[in-house]
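# Observations on chain architecture
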Amino acid sequence: MDTPLTCRNYIDGKWLTAVAGATLESRNPANKREVIATFPRSAATDVDAAVVAARQAYQSWRLVPAPARAEYIFKVGELLSKYKEELAQLICREMGKPLAEARGDVQEGIDCAFYSAAEGRRLFGQTTPSEMPNKFAMTVRMPIGVCALITPWNFPVAIPCWKAMPALVCGNTVILKPAEDTPACATKLVEIFAEAGLPPGVINLVHGVGEEVGKALVAHPDVDLVSFTGSSETGAEVGSICGRTHKRVCLEMGGKNAQIVMEDADLELALDGALWGAFGTAGQRCTATSRLILHRDIKEKFTTMLKERTSKLRLGTGSDPNTEVGPIINERQLQRVSQYLDIARAEGAKVLIGGEIATEGELKNGYFFQPTILDEVTPQMRVAQEEIFGPVVALIEVNSFEEAISILNNTKYGLSSSIYTRDINRAFTAMRDIEAGITYINGPTIGAEVHLPFGGVKQTGNGHREAGTTALDIFTEWKTVYVDFSGSLQRAQIDNRE
Ligand code: UN1
């Protein structure tokens, strides 16, 4: 075991302990005896200092030309590439996902860096004719100010990058509040931003507990925008505080994503998709497949295939190249997944495979849950409605395409979705009728790319889309500019009418 890392806050270009001096620790979820890092348990005073620094830095950062701001992010992308392996190893130890997936997490950050940096030379507005003579009209994107970024542990590099990179290119300054489970990943990431030479105060990092640091940031009168990814319960709280304090707020919350498999699907392909979508990252993605909606004609055959392959999935530590399914992030989440199994049994679902905390051999040292298939699930059961965030997939049988779409839509969430079919008419009907922010045709529910909008409808989000050019709509406000070069007062709607 390596010596634990000592993480600090990063405020105004300085690495600091919390004013009150308290610390917490993060552990390896595959081996709970291994402490990965200690980190500050910050309080409102630390948040205040970060907000002052970010506000101060904003005054000059907003005036740095966007292409020059973007060059820092380009540099961050290069450094992320340089440290990719080191960072991936750290993600693997602190968050638990298998190494190949951890590399993907960093790669998503790299992709985001180069994509966001390129935006520095675009940030396009519009010009349009004025209705008056000798008058020019245009729109320009303006930064918003100080942005609080509250990020989860499941993508400890990719998600902070999705938020911080476009925010900075747009001219905002940021305060990152990473999840308590992955402070070392966040620290290494911010070290990279610092190494790229960003001026002091442009990016700040405040570690700590959501109830303390997150809450103080969200309520702070001098924070202009909050971007939050996490649970729907916390998101509702964040949204209501931002509503009362008139902040811009972008929420990315839960999902209950489904994959439909029609009777005409390529079953082997649908099987690969289902296994990756349901059990990749041990089901701990907002986009994870947690329902499989199966046409009755293929249900039995597909279920047999799925059970067979699921039984062969190898659980283990993320650093073992043979591992396919890593641990659950912590004891609380493990218990939560386990409780959903109790709920499933009480509701009458049948546990086809898995269903228990895994304790064989080395697994007992960590938080492992067996990949689990629940059969005979009906659409109203809690396990068909609520986000579980673990390696658990519910099978729901349907009689028709229409029924499949209607059941897919029958939850309060709407993040990702998928349908496997060879019928082009069904594919296009699904693209139109599925209520979700993301729909995959013949691909699993996970695997979003950074240059396309990411987010969900209904209670998954609040109308924003991260990534893609849509991220710019979160981190800028439009200014409409009229330039009257007629030299006289021109009254719109009046002087140009009889
Ligand atoms: C998340 O689950 O919070 O599409 C993000 C995917 C990843 C991002 C997931 N690229 O599954």
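Structural data are supplied above this passage.
From a predicted model like this one, the values you see are computed outputs, not experimental measurements.

Around the ligand, the surrounding shell consists of Glu-108, Asn-154, Phe-155, Ile-159, Trp-162, Arg-285, Cys-286, Thr-287, Ile-446, Gly-447, Ala-448 and Phe-454. Here a nitrogen atom of the ligand sits 3.0 Å away from a polar atom, N or O, in the side chain of Glu-108. The separation between an oxygen atom of the ligand and a polar side-chain atom of Asn-154 is 3.4 Å. Considering the ligand on its own, with 320 Å² of exposed area, one finds that the protein chains cover 98% of that surface. More than half of the atoms of the ligand fall within 2 Å of the grid points belonging to the second largest pocket. The residue makeup of the shell around the ligand, split by class, is seven nonpolar, three polar and two charged.

A few words now on the layout of surface pockets. To find leftover empty space, a probe the size of one water molecule is rolled over the atoms. A volume near 1,300 Å³ is recorded for the largest pocket. In terms of lining, the largest pocket is formed by 49 residues, of which the most central are Trp-153, Ser-231, Thr-234, Arg-332 and Gln-333. Secondary structure elements with two or more residues in the lining of the largest pocket: strand E4 (23-28), helix H7 (210-219), strand E11 (225-229), helix H8 (232-244) and helix H11 (331-347). Top element by residues in the lining of the largest pocket is H8. It accounts for six residues. Its boundaries defined by the atoms lining it, the second largest pocket holds a volume of some 350 Å³.

A separate point is the sheet that holds strand E1 (residues 5-6). Taken in spatial order, the three strands of this open sheet run E1-E5-E4, and their pairing is mixed. At either end of the open sheet lies a strand with only one pairing partner, and these are E1 and E4. As paired elements, E1 and strand E5 (residues 31-40) share two bridges and run parallel to each other. In the strand pairing of E5, Leu-5 is matched with Ala-37. Strands in contact with helix H3 (residues 84-94) are E1, E4 and E5; relative to E5, the strand with the most contacts, it is inclined by about 115 degrees.

Taken as a whole and assessed by the stated rule, the structure comprises four cavities of 30 Å³ or more. In this structure, the largest cavity spans a volume of roughly 90 Å³. Lining of the largest cavity is provided by 15 residues; of these, Gly-283, Ala-288, Ser-290, Glu-387 and Phe-389 occupy positions nearest its centre. When grouped by side-chain class, the residues that make up the lining of the largest cavity number six nonpolar, six polar and three charged. Cys-112, Tyr-115, Ser-116, Glu-119, Trp-162, Pro-166, Val-450, Ala-467, Gly-468, Ala-471 and Leu-472 together form the lining of the second largest cavity. Among the elements of the structure, helix H4 (99-119), helix H5 (158-169) and helix H15 (470-475) are those that each provide at least two residues to the lining of the second largest cavity. Partitioned by chemical class, the residues of the lining of the second largest cavity number eight nonpolar, two polar and one charged.

Cut-off values and rules
- Residues numbered from 1 in each chain as written.
- Predicted model: local features only at pLDDT ≥ 70, side-chain atom pairs only at ≥ 80, totals over all residues.
- Heavy atoms only, no water.
- Near = heavy atom within 4 Å.
- Polar contact = N/O pair within 3.5 Å; in protein donor to acceptor, adjacent residues only side chain to side chain.
- Areas by Shrake-Rupley, 256 points an atom, 1.4 Å probe, with all protein chains shown as cover.
- 1 Å grid on protein atoms, 1.4 Å probe; cavity = no way out; pocket = protein on both sides within 12 Å on 5 of 7 lines; lining within 4 Å.
- Sits in = over half its atoms within 2 Å of the grid points.
- Nonpolar A, V, L, I, M, F, W, Y, C, P; charged D, E, K, R; others polar.
- Points joined across faces, edges and corners; volume = space filled by probe spheres on them.
- Helix = DSSP H or I, 4+ residues; strand = E, 2+ residues; numbered from the N terminus.
- Pairing = 2+ DSSP bridges.
- Contact = heavy atoms within 4.5 Å.
- Axes fitted to C-alpha atoms, helices over the stretch in contact; angles between N-to-C directions.

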